[in-house]
Amino acid sequence: DAGVIQSPRHEVTEMGQEVTLRCKPISGHNSLFWYRQTMMRGLELLIYFNNNVPIDDSGMPEDRFSAKMPNASFSTLKIQPSEPRDSAVYFCASSLRETQYFGPGTRLLVL
Amino acid sequence: QKEVEQNSGPLSVPEGAIASLNCTYSDRGSQSFFWYRQYSGKSPELIMFIYSNGDKEDGRFTAQLNKASQYVSLLIRDSQPSDSATYLCAVNLNQAGTALIFGKGTTLSVSS
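Residues numbered from 1 in each chain as written. Chains lettered and ligands numbered in written order. Predicted model: local features only at pLDDT ≥ 70, side-chain atom pairs only at ≥ 80, totals over all residues. Heavy atoms only, no water.

Caption draft 1: Quick look at the sheet that holds strand 8 (residues 71-76) of chain B. Residue and element names in this part refer to chain B. Pairing is antiparallel in the open sheet, where 5 strands are placed in the order 1-3-8-7-6. Since the sheet does not close on itself, it has two edges, and those belong to strand 1 (4-6) and strand 6 (54-58), each with one partner. Direction aside, neighbouring strands of the sheet carry axes that sit 20° apart on average. Note: strand 7 (residues 61-66) against strand 8, 6 bridges, orientation antiparallel. The residue bridging Asn66 from the neighbouring strand is Tyr71, located in strand 8. (Pairing = 2+ DSSP bridges. Helix = DSSP H or I, 4+ residues; strand = E, 2+ residues; numbered from the N terminus. Axes fitted to C-alpha atoms, helices over the stretch in contact; angles between N-to-C directions.)

Encoded structure:
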């Protein structure tokens, strides 16, 4: 299996622009997680889905953040409008049971 | 709010020594505990998990769990320079066990 796939790997944008991060989970996994990692706050869970249904979005920092999972093989995390404090590495992870497998991450820089 | 605490380090050990990484958690109802390793610029990868009190060994790694003290640790025997990384402790966030809350990690440096 190719593992969890994320795109883009790097994104540089200007404040106020819309950013869309994409994730393809491992085939057969039924849970998908979006995380944000910064030096100050560590690895934070933003939202997770079970069987394509959002279960807990309490980690989403603001209404500017939204996530969707239209089918079992694709999810997006959108930030609109983006702000410099959104700069971080965003990871997607998937799991079938307790073990989560992480994608390579998207390094986002908002200028 | 559930919390997972780790000493940020860096923890420095010489090659061949035992590295001991520690983690405490706030929710007494937590049932599943995980150790992830993250190399600089890379994504976290699972080293091992533990559910029951006591020790669990996997090669050079031993996880230790003490639920009464809300404490979990990771021992790395015969430490190698390739073990130099950040080690993240994670605890299940909910009863279903699927979502995790992570500590901020301990950076380990093994010198040759």
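There's more to say after this.
Caption draft 2: The side chain of Asp83(B), seen in detail. Residue and element names in this part refer to chain B. Along the chain, the position of Asp83 falls in the loop between strand 8 and strand 9 (85-92). Asp83 gets classed as buried once you look at its relative accessible area, which sits at 1%. Polar side-chain contacts of Asp83 include one of 2.9 Å to the side chain of Arg60. Leave out the neighbours within four places in its chain, and Asp83 touches Arg37, Arg60, Phe61, Ile76, Asp78, Leu108 and Val110. (Buried < 20%, exposed > 50% of the residue type's maximum accessible area, 1.4 Å probe, protein only. Polar contact = N/O pair within 3.5 Å; in protein donor to acceptor, adjacent residues only side chain to side chain. Contact = heavy atoms within 4.5 Å.)

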